[in-house]
Amino acid sequence: MRAFAVSVLVLSSFLPALTGPVLAATRLRIMPPSGATMAVGQRFDLRVEAEGDGTAPRGLSVMLDGRDITTRNVLAPGLNGELGVGGTGTAPDASARATAPAAATSSNFLVRDQSFTTPGRHEVVVRTNDGATLTASYEVAAWQTPRAGTRPAKNIIMLVGDGMGIQHRTAARIVSRGQTYGKTNGPLAMDTLGVTGLVMTSSLNATVTDSAPGMSSYATGHKANNNHVGVYPDNTPDHFDNPRVEYIGEMLRRTRGRGFNVGIVTTAAVIDATPAGNAVHTSFRDAYYDIAARFFDERATNGVSVLLGGGATYFSPASQGGTRKDSRDLVAAYAAEGYDVLRTRAEVTAKLAGPAPKALLGLFHPRHMSVAFDKVGAGRYSDELALDANKDLRDQPMLEEMTALALKSLSASSPRGFYLMVEGASIDKQAHESDADRTIWDTIEFDNAVKVALDFARGTNTDADPANDTLVIVTADHESGGFGIIGVGNDRYAPATIGKSVRDYAATFRFIPAQTLNFFTNYTVDAKGFPTDPDPSRKLLIGFAAGPDRYENWLSNRLAQKATITDPASRIAVANPRRDGPSGQTDNIGVDRKAYPGFLVSGAIENNATGCLAADGCPDDTRANPVDIAGHTASDVPLSADGPGAWQFTGVYDNTDVFVKLLRAATGSYPRLRQ
């Protein structure tokens, strides 16, 4: 058999097993990988890695569209003076970006801030002296030239319901609007956008994404590994030196100028994956303290003039009530740069009533903000904020209030437009906890923020000024929990009716002539769409297909507790008996303050009950885990759009496709819809 060279693309796990003799021992990787799509002028770092067996490969050459760019390598000279040979890194450059050394058995190439000036197919070809070769082809999309008869979007508002699948949206509509004779009594705000499509959400290295690449794929147009935002993987240990890809906010800030600004609003800590996935570049989404610093240190390029949410502890040293170990006081640094610093809902209300602030830093919770169920239901059906430990958290704004303030600031201080990302973070976080009511309440809160954004956009899109239009996008980064609408409770078996919680409360439709069961919910709601009682006799019932073991009693929980815990002795994830458990010892009680013991619902995801059976000891992340939260799923998620270029978002498409669609909306370069 003739010998042939084998090159590994991206990660070996992406490829089927390869057999046969190998001529070249060198393993090659190009980042971005073949198949990546980028926009004309979008900046990205090009990195090539050649890994050898025992010694660093020699003679690494890089051709870009037929031109040899090997000498552009910014990595330091290594063996025999060859750039990048032996895993050399770089000292900090003019922008303070350094690259850590890689393994001594590697040779690497790096060029920063590469971009293409022409659309179409572009190609990178790499070779080493031992005959290894690899090619990556890219498609570069045009977006800068307006088309006749289109209106550009000066502003883009992207609202992300984290983990919000189709059934989350449906559940929020049923609970907050109700139904009459099978028809909704009214749409959600997100139902009223002009077009809706479906988005595929997989990450670079997994069918099921996490929030980090789920968000940054939208904002960069490039896939990323789970755990990464705004970067591709590399072979160095540094979490902040990975090959970067330019975010849409960074790109429009650079191309439109300093009159363009970026806003980030979230109910999570602002250093969480989704907010970070619009402005920070890192391969470790949990590097919270460093992410907080990057927001500030790179503000000239990321353009973030509004940052609202939780996470105060990551911005201040212990002397100022935070937990930073480097003594940096980022709150004081922001204030010194002219940002108004806010801590409470009362301060948000005052800002809404006063002159528009130029820049804002709002940190309303040490970590993630309290959820809507606990804020709206405080003193009625939730006891969370009544706890003494939470006494300082009773004055947090709602998401729609933060959204309104962000729009007030950005619209007044951004003559060249703005990009605003608004995240309903705890749709995901409460689905992880298999807490149906808190998940639905946060979806309703998110929809109230959607209404604020739509009211703003429809004002700009219908006024006499054709140059101030706004595109609104409502979507999710992924689906969370395998959240499914089981049905409606049969009030003859309601816990309050029979004095206990039973599975038979979850009624299904009947195939019999006599159809007398009332199979519609009977919530009453307030002016904001939140139920006044979360546990009516016929409530909407939810299951979690991607969930662990848990107990269920169909009732809301006055306290937010974990549904699943890890048994300390066995290291197996088990249902938490303290939440809806089978005995009277459960400390979660219903609205009527009576305990209703629940029944076990078996989960479907890994719980570490099997241990490792493999001879290699299950290295790295291959061993089962005692997972105590419901997982994400690979379901497509809905995306709704309204405003200039909205029709582009019909159909089914990848999350990376959204980036170029946004850019084309921003310039009016999208094709006109044929009538």
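It should be noted that the structure appears before, not after, this text.
Rules used throughout
Residues numbered from 1 in each chain as written. Predicted model: local features only at pLDDT ≥ 70, side-chain atom pairs only at ≥ 80, totals over all residues. Heavy atoms only, no water. Pairing = 2+ DSSP bridges. Helix = DSSP H or I, 4+ residues; strand = E, 2+ residues; numbered from the N terminus. Axes fitted to C-alpha atoms, helices over the stretch in contact; angles between N-to-C directions. Disulfide = S-S within 2.5 Å. Buried < 20%, exposed > 50% of the residue type's maximum accessible area, 1.4 Å probe, protein only. Salt bridge = Lys/Arg side-chain N within 4 Å of Asp/Glu carboxyl O. Contact = heavy atoms within 4.5 Å. Polar contact = N/O pair within 3.5 Å; in protein donor to acceptor, adjacent residues only side chain to side chain.

Engineer: Please give an account of the sheet that holds strand S1 (residues 27-31) that cites residues and values.
Structural biologist: Taken in spatial order, the 3 strands of this open sheet run S1-S3-S6, and their pairing is antiparallel. Lying at the two open borders of the sheet, with one neighbouring strand each, are S1 and strand S6 (106-114). Along the sheet, successive strands turn relative to each other by an average axial angle of 5°, direction set aside. Bridge count for strand S3 (residues 44-51) against S6 is 7 bridges, and the pairing is antiparallel. Looking across to S6, one finds that leucine 46 is bridged to valine 111.

Engineer: Kindly report on the sheet that holds strand S2 (residues 37-39), identifying the contributing residues and their values.
Structural biologist: The 5 strands are arranged S2-S8-S7-S4-S5 in an open sheet whose pairing can be described as mixed. Two strands close off the open sheet at either side, each with one partner strand: S2 and strand S5 (67-68). The sheet contact formed by strand S4 (residues 61-64) and strand S7 (residues 120-127) spans 4 bridges and is antiparallel. Note that in S7 the partner of serine 61 across the bridge is arginine 127.

Engineer: Provide a residue-level description of the state of the cysteines, including the pertinent values.
Structural biologist: Considering all chains together, one arrives at 1 disulfide under this definition. In this model cysteine 612 forms its disulfide with cysteine 618; the gap between the sulfur atoms is 2.0 Å. On the sign convention where negative is left-handed, the bridge of cysteine 612 and cysteine 618, at about 90° about the S-S bond, is right-handed. Cysteine 612 gets classed as partly exposed once you look at its relative accessible area, which sits at 22%. You can call cysteine 618 buried: its relative accessible area is 14%.

Engineer: Go over the pattern of salt bridges, please, and point to the residues and values.
Structural biologist: For the coordinates displayed, the defined rule picks out 36 salt bridges. The shortest N-O distance in the salt bridge between lysine 351 and aspartate 340 comes to 2.8 Å. Residue lysine 351 is located in helix H8 (residues 345-353), and its partner aspartate 340 is located in strand S15 (residues 340-342); the two are separated by 11 residues in the primary sequence. Among the ionic pairs, aspartate 374 bridges to arginine 438, the shortest N-O distance being 2.8 Å. In this pair, aspartate 374 sits in helix H9 (residues 372-376) while arginine 438 sits in helix H12 (residues 436-462), placing the two residues 64 residues apart along the sequence. Here the salt bridges share partners, and the residues they tie into one network are Asp210, Asp272, Arg285, Asp286 and Lys429.

Engineer: With reference to specific residues and values, describe the environment of threonine 70.
Structural biologist: Mapped onto the elements of the fold, threonine 70 is located in the loop between S5 and S6. Measuring from C-alpha to C-alpha, the distance between threonine 70 and threonine 170 comes to 54 Å, with 100 residues separating the pair along the chain. Each residue touching threonine 70, except ones within four places of it in the same chain, is listed here: Leu60, Ser61, Val62, Leu83 and Phe109. A distance of 2.6 Å separates the side chain of threonine 70 from the side chain of aspartate 68, its partner in a polar contact.

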